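Read off the chains here:
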Amino acid sequence: MLFDLEEAGTILTWNKSFEITCLKNLAKNFPQYKEPIEKIIDKIQDLMTPFKKKWVTHSGFNGSASIKAVLPVLIPELSYQDLNIQEGGTASISYAKMKDVSEWQQEQTTRDLLAYCHLDTLAMVRIWEWLKKGAR
């Protein structure tokens, strides 16, 4: 991650505070990487901000700025419904349990986590494109 993000400009996340907390924990646990991790933190911007601050609203969000609320309204062709892992809490728990399950279950969990992360990333890209298009 450090190598891949070293030359990055802005790094978009959804829920910046959560991502920064994770990165600060990494820096605490791996102090030899504290400086490059802090450089990454300085580049992070929150794609959730326009929704959280209600600059972009829709009744379909049901008052939420969650990507799970925003995505089906703005990009209805993308959905978490068909995934085995559909939200971040389940992703974290599934990852933590991988050390205690069979190799087959580890492989399945890996596929499920990759599918979830792929959709999360694609969702952010498509929402960013939607926002960019609307700003013209």
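Above: the structure in question.
Residue numbering note: each chain is counted from 1, following its sequence as written. Selection of residues for local features in this predicted model requires a pLDDT of at least 70, selection of side-chain atom pairs for listing and counting requires 80 or more, and totals for whole chains, interfaces and linings are taken over all residues. The side-chain quantities take in all heavy atoms of the structure and omit both hydrogens and water.

## Thoughts on a nonpolar patch on the surface
Where nonpolar side chains cluster on the molecular surface, the patch consists of Met-1, Leu-26, Phe-30 and Tyr-33 and spans about 380 Å² of accessible area. Each residue gets one of three labels from its accessible area relative to the maximum for its type: buried under 20%, exposed over 50%, partly exposed in between, using a 1.4 Å probe on protein chains only. Of the residues examined, Leu-26 reaches a relative accessible area of 34% and is grouped as partly exposed. In this analysis, a patch consists of residues with relative accessible area above 30% that form no salt bridge, clustered at 9 Å for like charges and at 5 Å for the nonpolar side chains Val, Leu, Ile, Met, Phe, Trp and Tyr. A 1.4 Å probe and the Shrake-Rupley method give the accessible areas. Residues count as covered only by the protein chains that appear here. Throughout this description, the term salt bridge denotes a Lys or Arg side-chain nitrogen within 4 Å of a carboxyl oxygen of Asp or Glu.

## Quick notes on unusual backbone geometry
Phi is positive for Asn-15, which is not a glycine, with a value near 80°. Here a helix means four or more residues in a row that DSSP labels H or I, a strand means two or more in a row labelled E, and each is numbered from the N terminus. With respect to the helices and strands, Asn-15 occurs in the loop between strand S1 (11–13) and helix H2 (16–29). A positive phi angle, close to 55°, is found at Asn-62, a residue other than glycine. Mapping Asn-62 onto the fold places it in the loop between helix H4 (49–52) and helix H5 (67–74).

## A word on the packing of H2 against helix H3 (residues 34–43)
Lines fitted to C-alpha atoms define the axes, with helix axes restricted to the stretch in contact, and inter-axis angles between N-to-C directions lie between 0 and 180 degrees. Interaxial distance between H2 and H3 falls to 9 Å at its minimum, and their mutual angle equals 170°. Comparing their axes, H3 and H2 come out roughly antiparallel. Residues Ile-20, Leu-23, Lys-24, Leu-26 and Ala-27 of H2 form the contact with H3, whose own contacting residues are Lys-34, Ile-37, Ile-40 and Ile-41. Ten residues, namely Ala, Val, Leu, Ile, Met, Phe, Trp, Tyr, Cys and Pro, are considered nonpolar, four, namely Asp, Glu, Lys and Arg, are considered charged, and the remaining ones, Gly among them, are considered polar. In the contact of H2 with H3, the residues fall into seven nonpolar, no polar and two charged. For classification purposes, an angle smaller than 35 degrees is called roughly parallel, one larger than 145 roughly antiparallel, one from 65 to 115 roughly perpendicular, and anything else oblique. A contact between two residues is defined here by any heavy atoms of the two lying within 4.5 Å.

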